[in-house]
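# Examination of the molecular architecture
Listed below, chain by chain, are the residues.
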Amino acid sequence: MLWDRQRKEEREARDLSPFATHSRTSRGRVSPEEPDSLRTSFERDRDRIIHSTAFRRLEYKTQVFVFHEGDAYRTRLTHTLEAVQVARSFASALGLNETLVEAVTLAHDLGHPPFGHRGEDVLHGLMRSAGGFRHNMQSLRTVDLLERRSERYRGLNLSFEVRDALLKRPAERGGDFDPGLQPSLEAQVMDAADSTAYLHHDLEDGLRASIFTVHDLEDLAIWKRATAHLERKEPTVTGSTRVKRVVNSILHLSITDLIENSARAIEAGGIRSALEARRRASKLVHHSSDFGPEIQELHRFLYKRFYRHHRLNQMAARAERMLTLLFESYLKDPTAMPPRFQEWCEEVGRERAICDYVAGMTDRYAEEEYARFFLPGRLQR
Ligand code: MG
């Protein structure tokens, strides 16, 4: 028998938790469309995100290392895929809408500018007097305004629930996006999966790059916890495999703690609907009180020893110079941008249009543009 949209919607109604978001009750799209005969609305959103230009560009955007530092480090694309995997584990264990979680996690970094968090800081500084810049709000601009797939509407015309999940902080919300509500449980899962994925893979990438060593990690409570876990489970593992297994244990223990603690919080709160979960004073998806501080300690370690390491600071200084000079060059002469962005200046103002253009660049495109302006002798193409 064929599993068409209707049967899938019935399956959602039957199998998901009462507090999950259901595709059948979606608030719909800005530009109304006929429902698909086979796919639920969230499946359709997921497919549009995967086929977007912004999604393909994630391959050439920095997670922490720029692309030419080495082939085995995470890029924003592989980060996104790892975050999706973690998010789906959370969602399926909590009986949430796994397809919605998949769609929002695939989309969560679409607005990330080149050169990682440092690139975001630079753009925020350059846009200070024109509304600032945050990558998650840019992800919404990307799916709402910047992608092109139809003559009939702007952007990807995604379901409200996917768009709503991209705005995290009450200050970012307004209009249709009720600032008084918590993010949906699916959005909370995306957020928790994002940080769980990056803490885990940054630990692995930092070790791989010898930015810090196992010895540096041995004092961390979470490292001790994961080592004890491994010694119970696989006492004979040694050498580099053992390090890998400890790092994997951190991921496993984090996911397990988040799922179990969130399930407890949802049950203790007597949550019976998606809206009730959103009306709570605080989020329901979070670590337990003994695990949370260990995660924070790991985060502080990575911040100090990795993200602010001199090798990364060097990359950041270079990125800052490139993005600033590019931004100022377009400001002086918007005709250096493609025609589409010159027209965009008329609609949204020069600064915002330039910001949209620069935020959409991959690392290597930004480097090539920079070379075109400032290193004409090195022009490659
Ligand atoms: Mg992310």
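Residues numbered from 1 in each chain as written. Predicted model: local features only at pLDDT ≥ 70, side-chain atom pairs only at ≥ 80, totals over all residues. Heavy atoms only, no water.

### Quick word on the overall build of the protein
Selection criterion: Every helix listed is a DSSP run of H or I at least four residues long, and every strand listed is a run of E at least two residues long, numbered separately from the N terminus. Radius of gyration means the value over C-alpha atoms here, while the globule rule gives 2.2 Å times the residue count to the 0.38 power. The rule is simple: take the accessible area with a 1.4 Å probe, protein chains only, and divide by the maximum for that residue type; under 20% is buried, over 50% is exposed, in between is partly exposed. In what follows, residue pairs with any heavy atoms lying within 4.5 Å of each other are defined as contacts. Computed with a 1.4 Å probe, the accessible areas rest on the Shrake-Rupley method; for each residue, only the protein chains presented here act as cover.
When helices and strands are counted, the protein shows 18 helices and zero strands. Taking 2.2 N^0.38 as the reference for a compact globule, 381 residues should give roughly 21 Å; the C-alpha atoms of the protein span a radius of gyration of 22 Å, in line with that estimate. For the protein, the spread of C-alpha atoms along the principal axes amounts to about 60 × 55 × 40 Å. By the burial criterion, 54% of the 381 residues in the protein qualify as buried. Across the protein, contacts joining residues at least 24 apart in sequence account for 71% of those joining residues at least 6 apart. In the form shown here, the protein has an accessible surface area of approximately 18200 Å², with 50% of it arising from carbon and sulfur atoms.

### Quick look at the coordination of the magnesium ion
Worth spelling out the cut-off: Each metal's donors are the N, O and S atoms found within 2.8 Å of it, except that Na, K and Ca use a 3.2 Å limit; water is left out, so coordination can look incomplete.
Donor atoms from the polypeptide that bind the magnesium ion are His79 (NE2), His108 (NE2), Asp109 (OD) and Asp194 (OD), placed at 2.2 to 2.5 Å. Sequence spacing of the donor residues for the magnesium ion, all on one chain, is H-x28-H-D-x84-D. Within this pair, whereas His79 is found in helix α4 (residues 76-94), its partner Asp109 is found in the loop between α5 (98-107) and α6 (116-126), the two being separated by 30 residues in sequence. Like Asp109, His79 is buried.

### Description of the environment of Leu253
Inspection of the secondary structure puts Leu253 in helix α12 (residues 239-268). Given a relative accessible area of 17%, Leu253 falls into the buried group. Spatially, the C-alpha atom of Leu253 lies 9.3 Å from that of Ile222, the residues being 31 residues apart in sequence.

### Some points on the nonpolar core
What counts is decided by this rule: Working definition of a nonpolar core: buried Ala, Val, Leu, Ile, Met, Phe, Trp, Tyr and Cys residues. They are joined through side-chain atoms within 4.5 Å.
Judged by nonpolar contacts, the single largest core of 28 residues is most densely connected at Leu203, Phe212, Leu217, Trp223, Leu302 and Phe306. Sorting the residues of this core by element identifies α9 (185-208), α11 (221-233), α12, α14 (292-307) and α15 (310-332) as the ones contributing at least two each. Looking at which element gives the most residues to this core, the answer is α14, with six residues. Ignoring anything within four residues of it in the chain, the contact list for Leu302 reads Leu199, Asp202, Leu203, Phe212 and Tyr307.

### Some details on the pattern of salt bridges
Put simply, the rule is: In what follows, salt bridge is the name for a side-chain nitrogen of Lys or Arg lying within 4 Å of a carboxyl oxygen of Asp or Glu.
A full pass over the atoms with the stated rule returns 35 salt bridges. One salt bridge connects Asp164 with Arg278, and the closest N-O pair in it is separated by 2.8 Å. Remark: Arg278 occurs in helix α13 (residues 274-278) and Asp164 occurs in helix α8 (residues 160-165); sequence separation between them is 114 residues. Look at Arg278 and you get buried, because its relative accessible area is 12%. In this structure, Glu294 and Arg225 form a salt bridge, with 2.9 Å as the shortest nitrogen-oxygen distance. Linking Glu294 in helix α14 with Arg225 in helix α11, this pair joins segments that are 69 residues apart in sequence. Here Arg225 falls in the partly exposed class, since its relative accessible area comes to 27%. Among the ionic contacts, a cluster of salt bridges with common partners joins Asp36, Arg39, Arg46, Asp47, Arg88, Glu98 and Glu102.

### Describing the packing of α6 against α15
The cut-off we apply is this: Here, axes are lines fitted to C-alpha atoms. For helices the fit covers the stretch in contact, and angles between N-to-C directions go from 0 to 180 degrees. Take the far helix as your reference; a near helix turned counterclockwise from it by less than a right angle gives a left-handed crossing, and one turned clockwise gives a right-handed crossing. Just so you know the grouping, Ala, Val, Leu, Ile, Met, Phe, Trp, Tyr, Cys and Pro go in nonpolar, Asp, Glu, Lys and Arg go in charged, and all remaining residues, Gly too, go in polar.
In contact at an axis separation of 9 Å, α6 and α15 are set at 35° when each is read in the N-to-C sense. Handedness of the α6/α15 crossing: right-handed. Contacts from Arg118, Gly119, Val122, Leu123 and Leu126 of α6 reach α15 at Asn313, Ala316, Glu320, Leu323, Thr324 and Phe327. Across the contact of α6 with α15, the residue classes break down as six nonpolar, three polar and two charged.

### Some remarks on the packing of α11 against α14
Between α11 and α14, whose axes approach to 8 Å, the crossing angle comes to 115°. Mapping the contact onto sequence places Ala221, Ile222 and Arg225 in α11 and Glu294, Ile295, Glu297 and Leu298 in α14.

### With respect to helix α16 (residues 339-348)
Defined as follows: Throughout, the arc means the angular range of directions from the helix axis out to the C-beta atoms.
Burial in α16 covers these residues: Phe341, Trp344 and Cys345. The buried side chains of α16 occupy one side of the element, clustering within an arc of 115° when seen end-on. In α16, the exposed residues that point more than 90 degrees away from the buried face are Pro339, Glu343, Glu346 and Glu347. As for α16, its buried residues are in contact with α7 (135-146) and α17 (350-359).

### Description of the packing of aromatic side chains
When we look at a pair of aromatic rings, we describe it by the centre distance and by the angle of the planes. Where we set the bar: For this analysis, a ring pair means two rings from Phe, Tyr or Trp (six-membered ring only for Trp) whose centres lie within 6.5 Å, classed as stacked if their planes differ by under 30 degrees, edge-to-face if by over 60, and tilted for the remaining angles.
The tally for this structure, following the rule as stated, stands at eleven aromatic pairs. With 5.2 Å between their ring centres and 80° between their planes, Phe212 and Phe301 make a pair best called edge-to-face. Note that Phe212 is positioned in the loop between α9 and α10 (214-217) and Phe301 in helix α14, a separation of 89 residues in sequence. Residue Phe212 is classed as buried on the basis of its relative accessible area of 2%. The exposure class of Phe301 is buried, given its relative accessible area of 9%.

### Brief notes about a positive patch on the surface
Put simply, the test is: Residues enter patches when their relative accessible area tops 30% and they take part in no salt bridge; the joining distance is 9 Å for like charges and 5 Å for the nonpolar side chains Val, Leu, Ile, Met, Phe, Trp and Tyr. His is not counted, nor are the chain ends; Lys and Arg add positive charge and Asp and Glu add negative charge. Charge coordinates come from a single atom per side chain, which is NZ of Lys, CZ of Arg, CG of Asp or CD of Glu.
A contiguous patch of positive charge on the surface is contributed by Arg56, Arg57, Arg148 and Arg340. In this fold, Arg56 is placed in helix α3 (residues 53-57).

### Notes on the side chain of Arg352
Along the chain, the position of Arg352 falls in helix α17. As a buried residue without a salt bridge, Arg352 has its nearest oppositely charged side chain in Asp356, at a separation of 5.3 Å. Discounting residues that sit within four places of it in the chain, Arg352 has contacts with Met127, Ala130, Gly131, Gly132 and Arg141.

Taken by themselves, the reported measurements are silent on function.
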